[in-house]
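# Remarks on the overall topology
Okay, here's what each chain looks like letter by letter:
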Amino acid sequence: MKFNRKVLWVLLMLVLVVFLAACNGSGSKDSKQSSENSEEDADAESSEEVTIVYARGTDTTPATEEVIKAFEEEHPNINVEQREMPADTGQSHDQYVTAFSSQSPEIDVFNADVIWPAEFAQANYALELDRFIEKDGIDMDAYFPGTVAAGKFNGKQWAMPQYTDAGVLYYRTDIVDEPPKTWDELISKASDLQGEKGTEFGYLMQAAQYEGLITNAIEYIASYGGAVVDENNNVVVDSPETIKAIEKMTEIVNSDFVPNNITNFMEIETENAWIEGNAVFARNWPYMMSSSNDEERSEVVDKVEMTMLPKGDEKSAAALGGWMTMINRYSEHPEAAWEFVKFISGPKGQKISAVEGGRPPTLKELYDDPEVQEVSSLFANPEFREVLQSAVPRPVSPIYPEISDIMQIELSRVLAGEQSAEDAAANMQTKIEKAMAE
Ligand code: GLC
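This report concerns the structure included in the present document. (Residues numbered from 1 in each chain as written. Predicted model: local features only at pLDDT ≥ 70, side-chain atom pairs only at ≥ 80, totals over all residues. Heavy atoms only, no water.)

Here we take up the packing of aromatic side chains. One pass over the full model with this rule turns up 19 aromatic pairs. Judged by centre distance (5.6 Å) and plane angle (65°), the rings of Tyr96 and Trp116 are edge-to-face. Here the residue Tyr96 occupies a position in helix 4 (residues 89–101), and Trp116 occupies one in the loop between strand 3 (109–113) and helix 5 (117–122), the gap between them amounting to 20 residues. Just as Tyr96 is buried, Trp116 falls in that class too. With a centroid separation of 5.5 Å and an interplanar angle of 25°, the aromatic rings of Trp116 and Phe120 are classed as stacked. (Phe/Tyr/Trp six-rings, centres within 6.5 Å; stacked < 30°, edge-to-face > 60°. Helix = DSSP H or I, 4+ residues; strand = E, 2+ residues; numbered from the N terminus. Buried < 20%, exposed > 50% of the residue type's maximum accessible area, 1.4 Å probe, protein only.)

Take a look at the structure:
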């Protein structure tokens, strides 16, 4: 009967294995993992359940929810818990700096504004992604080169491009026949058409004292042929071109066709007034197309188009925005975190973010996808790919937040009538030079 005993023994072992496996899987979806997770690399490949925390700024579109849903379907053992950060990128930045400088493992994956990777890499907040990229054979040439470069610092890749951004001009197709080609044309059309179809305002933009003001200002500055720094990182902001640009922006901010409190407007305020049908023109990022066509929230469904921003003396210029995905250096689940980063920056994640969220992909091939092209005529327009690729970057520097603060203060003082554009240009020049020299 030796044989039977052996069979019994094997059966017993089998039962035990099944029992243990069941115990392991019984952790509830949202329960935090035990300390066993410090065995980092097991996460993604084993069937053990793991919860990662993904932090990003407020998303007023359904895109983030949908991306997470699609990811969890593909990875039943990885749960993604969302952590909502402030919509104001500067405020999010400061919260991340607080968390990461105390080496907190709480956040695993986070969205990083294109202006952060150099700073975060230098401060040692993030994980280098090269080993993951190599292991999974990610083709970095499939992305717009500028977006890959934004995630590189000291020869290493710290961030994966998730979506890119470029400032665009929105207009109401039921009011406007021909969108304006220059800032002066915008001024005359906005004041002529204000009031049509119940609109209260001719134009909306972002003029609050925060990062978005810098992107608006950079568009005026570049459109008049000016720049903040040149290709060799020399500060060149004190120029007649910049002064003229700041004066044009100030003329618009102080006009009768923008809201009285335009200097409190960020993207959210712009979007809310816009989807209520309160304005003829608006400057915002492409995501507002998705909000405009949201049947549940918007009064302007199918009445909105976006196009290139007006020209100054030189050209039409869009500021380069966009968001990357990074991994917290102190994440206890780097492998699972990478799986999520790979998904969200890969073709499936980016398509969801384009179709559900109106966000311009960084993967070139997606612009040939019919569903992406349907988002707006601009996404289908090959010229827009050029706009995205030639968008004007903000200075790339580990001290970018300081540069931005200087500009925010100096520009806001002009908008408030407290100093001239000449003084602002001169002050920015000396203060930015000083900050960069230190
Ligand atoms: C958008 C851009 C980002 C920029 C921010 C300013 O989110 O993608 O790059 O810094 O707006 O408000």
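On we go from here.
Of all eight residues that make up strand 11 (residues 320–327), eight are buried, and the element is covered over most of its length. Burial of the side chains of strand 11 extends over both faces: Leu320, Gly322, Met324 and Met326 are buried on one face and Gly321, Trp323, Thr325 and Ile327 on the other. One ladder, built from five bridges, connects strand 3 with strand 11; its direction is antiparallel. Bridge pairing in strand 11 links Ala112 to Met324. Here strand 6 (residues 160–166) pairs with strand 11 via six bridges, running antiparallel. (Pairing = 2+ DSSP bridges.)

Right, let's talk about helix 17 (residues 382–389) for a bit. Residues of helix 17 that are buried include every one of Phe384, Arg385, Val387 and Leu388, and no others. With its buried residues spanning 155° around the axis, helix 17 presents them on a single face. Opposite the buried face of helix 17, at more than 90 degrees from it, the exposed residues are Pro382 and Glu386. In this structure, the buried residues of helix 17 make contact with strand 6, strand 7 (168–172), strand 11, helix 15 (370–373) and helix 16 (377–380). Residue Asn381 occupies the N-cap position of helix 17, its side-chain oxygen lying 2.8 Å from the main-chain nitrogen of Glu383. (Arc of directions from axis to C-beta. Contact = heavy atoms within 4.5 Å. Polar contact = N/O pair within 3.5 Å; in protein donor to acceptor, adjacent residues only side chain to side chain.)

Given 3.6 residues per helical turn, the α-helix brings residues three or four places apart onto the same face. Between the first and last C-alpha of helix 3 (residues 63–74) there are 17 Å, a value that for twelve residues agrees with the 16 Å anticipated at 1.5 Å per step. Within helix 3 the residues assigned to the buried category are Ala63, Thr64, Val67, Ile68 and Phe71. Down the axis of helix 3, the sector holding all buried residues measures 130°, keeping them to one side. Residues of helix 3 that are exposed and point more than 90 degrees away from the buried face comprise Glu65 and Glu73. Buried residues along helix 3 sit in contact with strand 1 (50–57), strand 2 (78–85), helix 13 (334–345) and helix 14 (347–357). (Expected span 1.5 Å × (residues − 1).)

On to the sheet that holds strand 8 (residues 201–204). Strand pairing within a sheet occurs via backbone hydrogen bonds; the two strands may be parallel or antiparallel. In space, the four strands of this open sheet follow the order 8-9-7-10, with mixed pairing throughout. What marks the edges here is a single partner per strand, and that holds for strand 8 and strand 10 (304–307). Sheet twist, expressed as the average angle between the axes of neighbouring strands with direction ignored, equals 15°. Pairing of strand 7 with strand 10, which is carried by four bridges, proceeds in the antiparallel orientation. Residue pairing across strands places Leu169 opposite Thr307, the latter belonging to strand 10. Running at roughly 155° to strand 9 (residues 279–284), helix 11 (residues 267–275) makes contact with strand 7, strand 8, strand 9 and strand 10 of the sheet. (Axes fitted to C-alpha atoms, helices over the stretch in contact; angles between N-to-C directions.)

Formed by 107 residues in total, the largest nonpolar core has its most connected members in Tyr203, Ile252, Trp274 and Phe281. In this structure, this core is formed jointly by two domains, domain 1 (50–165 + 321–390) and domain 2 (168–317 + 397–437), each of which donates at least three residues. Grouped together as the second largest cluster of nonpolar side chains are 28 residues, Val109, Leu127, Leu129 and Leu363 included. (Core = buried A, V, L, I, M, F, W, Y, C linked by side-chain atoms within 4.5 Å. Domains from an automatic or database assignment.)

Tallying each qualifying case throughout the model produces 25 salt bridges. The shortest N-O distance in the salt bridge between Glu128 and Lys156 comes to 3.8 Å. Taken together, the residues Glu128 in the loop between helix 5 and helix 6 (130–135) and Lys156 in strand 5 (residues 156–157) connect sequence positions 28 residues apart. Overall, the relative accessible area of 36% leaves Lys156 in the partly exposed class. Two residues, Glu128 and Arg329, come together in a salt bridge whose shortest N-O distance is 2.9 Å. Within this pair, whereas Glu128 is found in the loop between helix 5 and helix 6, its partner Arg329 is found in the loop between strand 11 and helix 13, the two being separated by 201 residues in sequence. Residue Glu128 is classed as partly exposed on the basis of its relative accessible area, which comes to 23%. What makes Arg329 partly exposed here is its relative accessible area of 25%. (Salt bridge = Lys/Arg side-chain N within 4 Å of Asp/Glu carboxyl O.)

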